[in-house]
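# Summary of structural features
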Amino acid sequence: MLGRLIVQSRRLVTMTAQSPQFKALFTEGLKTLTDLFSREKYELRIAGGAVRDLLAGKQPHDVDFATTATPEQMKDLFLKEGIRLINNKGEKHGTVTARIHDQNFEITTLRVDLRTDGRHAEVEFTTDWEQDAERRDLTINSMFLGFDGTLYDYFNGYEDLKNRHIRFVGDPAKRIQEDYLRILRYLRSVEAPTGNLWSL
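In the nomenclature of an unreviewed UniProt entry, the protein is known as Poly A polymerase head domain-containing protein of Engystomops pustulosus. Here the protein is described in UniProt, under the heading Cofactor (unreviewed entry), as follows: "Mg(2+)". According to UniProt, the comment filed for the protein under the heading Sequence similarities (unreviewed entry) is "Belongs to the tRNA nucleotidyltransferase/poly(A) polymerase family."

## Overview of the overall build of the protein
Along the protein, the regular secondary structure elements total eight helices and eleven strands. Every one of the 200 residues in the protein was classed for burial, and the buried ones make up 46%. Per element, the accessible surface of the protein, about 10,800 Å² overall, is 48% carbon and sulfur.

## Points about helix α4 (residues 71-80)
Listed in full, the buried residues belonging to α4 are Pro71, Met74, Lys75, Leu77 and Phe78. Taken down its axis, α4 places every buried residue within 165° of arc, on the same side. Away from the buried face of α4 by more than 90 degrees, exposed residues Leu79 and Lys80 are located. Just beyond α4, the residue with positive phi is Gly82, at close to 70°.

## Looking at the pattern of salt bridges
Taken as a whole, this structure holds eleven salt bridges when the rule is applied. Among the ionic contacts, a cluster of salt bridges with common partners joins Arg39, Glu40, Lys80 and Glu81.

## So, the side chain of Thr95
Position of Thr95 among the secondary structure elements: in strand β6 (residues 95-100). Overall, Thr95 belongs to the buried group, its relative accessible area being 13%. Within the structure, Thr95 has its side chain in polar contact with the side chain of Thr108 (distance 2.7 Å). When near neighbours in sequence (up to four residues on either side) are disregarded, Thr95 contacts Gly90, Glu106, Ile107 and Thr108.

## Some thoughts on the nonpolar core
Ranked by internal contacts, the top residues of the largest apolar core, which has 36 residues, are Leu33, Phe37, Ile46, Phe78 and Ile107. The contacts of Leu33, once residues within four sequence positions are left out, are Leu44, Phe78, Ile100, Phe105 and Ile107. Listed in part, the ten residues of the second largest apolar core include Ala47, Leu110, Ala133 and Phe155.

## Side note on the pairing of strand β4 (residues 64-67)
Side chains on a regular strand alternate between the two faces of the sheet. Direction of pairing for strand β3 (residues 44-47) relative to β4: antiparallel, over a ladder of four bridges. Counterpart to Ile46 in the pairing with β4 is Phe65. Direction of pairing for β4 relative to strand β7 (residues 103-109): parallel, over a ladder of four bridges. Bridging across to β7, Thr67 finds its partner in Thr109.

## A few points about the environment of Pro60
Examined against the element boundaries, Pro60 turns out to sit in the loop between α3 (49-55) and β4. Take Pro60: its relative accessible area is 8%, and that puts it in the buried class. Residues Pro60 and Ala50, spaced ten residues apart in sequence, show a C-alpha to C-alpha distance of 5.3 Å. Residues contacting Pro60, with those up to four places away along its chain left out, are Leu25, Ala50, Asp53 and Leu54.

## Let's talk about the packing of helix α2 (residues 28-39) against α4
The geometry of α2 relative to α4 is characterised by a closest axis approach of 11 Å and an angle of 115° between their N-to-C directions. α2 and α4 meet at a crossing whose hand is right-handed. Where α2 abuts α4, its residues Leu33, Leu36, Phe37 and Arg39 lie against Met74, Leu77 and Phe78. In the contact of α2 with α4, the residues fall into six nonpolar, no polar and one charged.

Parameters and conventions
Residues numbered from 1 in each chain as written. Predicted model: local features only at pLDDT ≥ 70, side-chain atom pairs only at ≥ 80, totals over all residues. Heavy atoms only, no water. UniProt positions renumbered as here; feature names shortened; annotations may be inferred. Helix = DSSP H or I, 4+ residues; strand = E, 2+ residues; numbered from the N terminus. Buried < 20%, exposed > 50% of the residue type's maximum accessible area, 1.4 Å probe, protein only. Areas by Shrake-Rupley, 256 points an atom, 1.4 Å probe, with all protein chains shown as cover. Arc of directions from axis to C-beta. Salt bridge = Lys/Arg side-chain N within 4 Å of Asp/Glu carboxyl O. Polar contact = N/O pair within 3.5 Å; in protein donor to acceptor, adjacent residues only side chain to side chain. Contact = heavy atoms within 4.5 Å. Core = buried A, V, L, I, M, F, W, Y, C linked by side-chain atoms within 4.5 Å. Pairing = 2+ DSSP bridges. Axes fitted to C-alpha atoms, helices over the stretch in contact; angles between N-to-C directions. Left-handed = near helix turned anticlockwise from the far one by under 90°. Nonpolar A, V, L, I, M, F, W, Y, C, P; charged D, E, K, R; others polar.

Below, the structure is given as structure tokens:
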């Protein structure tokens, strides 16, 4: 359930979101995670497909997080707290996975693509949320959700979700050239779980 519109400036639209599905995310592990990042003054938000699912009234199966902290800062933070790190293969792309209260949390630093080859990207880390949203594939996957229920939507993803409209962020040809698998994700996205087609 979305509350009232809070701010609209430039392309950023923020709203408050509260739902049983959103509240169900707040496990002991997540509370520990958010407390740690808040204490160290690193921004942390829910990202991508989990936001889309929550806004559609579904419980997300996987929840990814985005942050302004670099992988090194995250590792230092977790190690200092005695928190176990697992699966370090994603670190060069900015992803750190921490195990807290028997729950895995995959957290990725905000990033921009420097170079792509149609499948893999060389990235640079940033603290700019809009820049990170701009590199994502579809508008409905480019939103972030704060733990106070605030939705950060830079590319009208929520409107597209409500209107069942599948749209690339920016230039579709550029998005596909960056990662050719995006065309498959796009085609998979046009069919809703009920079998009803979304508009293109």
